[in-house]
Amino acid sequence: MTDSLNTQSYGELALGMTIATLVNQLAFGPLSGAVLRFFAPALESRQLSKYLDGAGLIVFVVCALTLGVAALSIVGLLIFDLSRWIGFCIGIAFFAIVTGINNILDGMQNAARQRPVVAIHQGFGMWMRFLLAVGLIQIYGISSTIAIWGYVAAALIVMLSRFFFFRKRILSLRGALIDSQPTKEKNWARQMLSYAIPMSSYGIFTWAQQSSDRWVLAFWLDTSTVGLFAVLYQLGYYPLQLISEFTTQLISPILFSRAGDGLDRARMSTTIKLNNLVISGAIVFSLFASIIAFFYHEQLFRFLAAPEYRQVSVFLPLTVIASGLFAAGQIGALSILISTNTKLLIAPKIGISISGIILNIIFVYFWGIAGVVMAGLVVSFVYLVWILWLINTTSRSRQSHNENISVASGSLES
């Protein structure tokens, strides 16, 4: 991609992708987490059919709202004489919708322990996205709009393949399982919305923090600098985030299955202890990866990026450690999500996001790209510490509650 797009076009693409990320953070991302969390309870209660109907109802509404917002955006572009961005805007909307549906299918297939299907499609999707984008650029010329439509084409191909496996391995179950206690699909939709809405409430803040680095760079500097940072971010931040997502997909169905409905405190305690081991492993791995980046950052950029992007390779080790610490915090957040009380994450998510935005504005003003990297490191470290503190606090509260119940039971027996 860096050989096909100049820094300005790459910067425009990076800014446009933040809009797709916003849609994911507000709607599709929380919904994906909800369908993952409630798949096992629906399967256990033999109500998979109603669960799928409830999920489908929410997806339909979210897609309609996304298209509505896109239509309003196009009207705004026409009013302000920015019609050259209409194709880009439509591409971003379709990419957000198709990617969101892919993530929801991933959530269900991951919950159904179909990990090979999830892994193959995610890997295939990544390669297809860039190959089709580069191919279209070669045919139609250098443009961020052409690149985003390459992304859309790749996402559509992957979605069709995912639907094939979804129909074959999950939809086939709905006929085999007869609801023992028939429940309306709206009840399942209500449960999933109750789980997802708190995540949506802080999604706007996490999106603002994650996207502010690019927009602040564009404001204080220029889109070419955004392009340089986007490559640094992709080489330093994405790899550990992808490993983190893989780890989360691997362990979250196990954690959710062990925790059940989240009401059994003994099951919850053993589940959290298991996740603590994964968190420790993530921290150790991120430290090791940052050491490798420190010694080989020049070689990595020389091999993976065009020459004009190599000037930022010196920041790779700090970007890697920031990514690793944040990934460990995300894995730690699973200990909160298994309790289904997603409201506990509102404070750390919003607090860290606002702090990150402020740090990005101040640090970029004084130190440019170096400031963005430093701000990211500070935010990741504080986020991890906050999540670990929250896990420890809730675990102690749960243990204290158990002890009080034991004492009360003993008194009644006496």
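Whatever comes next refers back to the structure up there.
Residues numbered from 1 in each chain as written. Predicted model: local features only at pLDDT ≥ 70, side-chain atom pairs only at ≥ 80, totals over all residues. Heavy atoms only, no water.

## Side note on the overall build of the protein chain
Then step 1. Within the protein chain, the secondary structure is distributed over 12 helices and 0 strands.
Then step 2. Counted from the first residue to the last, the protein chain has its helices and strands arranged as α-α-α-α-α-α-α-α-α-α-α-α.
Then step 3. Taken against the 2.2 N^0.38 rule, which gives 22 Å for 414 residues, the C-alpha radius of gyration of the protein chain at 22 Å falls within 12% of a compact globule.
Then step 4. Once the C-alpha set of the protein chain is aligned to its principal axes, its extents read approximately 80 × 45 × 40 Å.
Then step 5. Buried positions account for 49% of the 414 residues belonging to the protein chain.
Then step 6. Counted over contacts in the protein chain with a minimum sequence separation of 6, partners at least 24 positions apart contribute 82%.
Then step 7. Here the protein chain displays about 19800 Å² of accessible surface, and carbon together with sulfur accounts for 68% of that area.
Then step 8. Both charge centroids of the protein chain, one from 26 positive and one from 17 negative side chains, sit 8 Å from each other. (Helix = DSSP H or I, 4+ residues; strand = E, 2+ residues; numbered from the N terminus. Rg over C-alpha atoms; globule rule 2.2 N^0.38 Å. Buried < 20%, exposed > 50% of the residue type's maximum accessible area, 1.4 Å probe, protein only. Contact = heavy atoms within 4.5 Å. Areas by Shrake-Rupley, 256 points an atom, 1.4 Å probe, with all protein chains shown as cover. Lys, Arg positive; Asp, Glu negative; His and termini not counted. Charge placed at Lys NZ, Arg CZ, Asp CG, Glu CD.)

## Here's the deal with helix α10 (residues 316–337)
Then step 1. Spanning 22 residues, α10 covers 31 Å between terminal C-alpha atoms, matching the ideal 32 Å at 1.5 Å per step.
Then step 2. Most of α10 sits inside the fold, with 20 of its 22 residues counted as buried. (Expected span 1.5 Å × (residues − 1).)

## Digging into the environment of Y365
Then step 1. Positionally, Y365 belongs in helix α11 (residues 346–367).
Then step 2. Y365 sits in the exposed class, given a relative accessible area of 51%.
Then step 3. Separated by 148 residues in sequence, Y365 and L217 place their C-alpha atoms 8.6 Å apart.

## A word on a nonpolar patch on the surface
Then step 1. Residues F219, W220, L221, I354, I358, I361, I362, Y365, F366, W367 and M374 make up a contiguous nonpolar surface patch of about 1100 Å² in total accessible area.
Then step 2. When residues of the nonpolar patch are traced back to their parent elements, those giving at least two are α6 (185–220) and α11.
Then step 3. With 7 residues, α11 is the largest single contributor of residues to the nonpolar patch. (Patch = residues over 30% accessible without salt bridge, like charges linked within 9 Å, V, L, I, M, F, W, Y side chains within 5 Å. Salt bridge = Lys/Arg side-chain N within 4 Å of Asp/Glu carboxyl O.)

## Concerning the environment of E298
Then step 1. Among the structural elements, E298 can be located in helix α9 (residues 265–304).
Then step 2. In this structure E298 comes out as partly exposed when scored by relative accessible area, which is 45%.
Then step 3. Placed 12 residues apart in sequence, E298 and R310 show a C-alpha to C-alpha distance of 7.5 Å.

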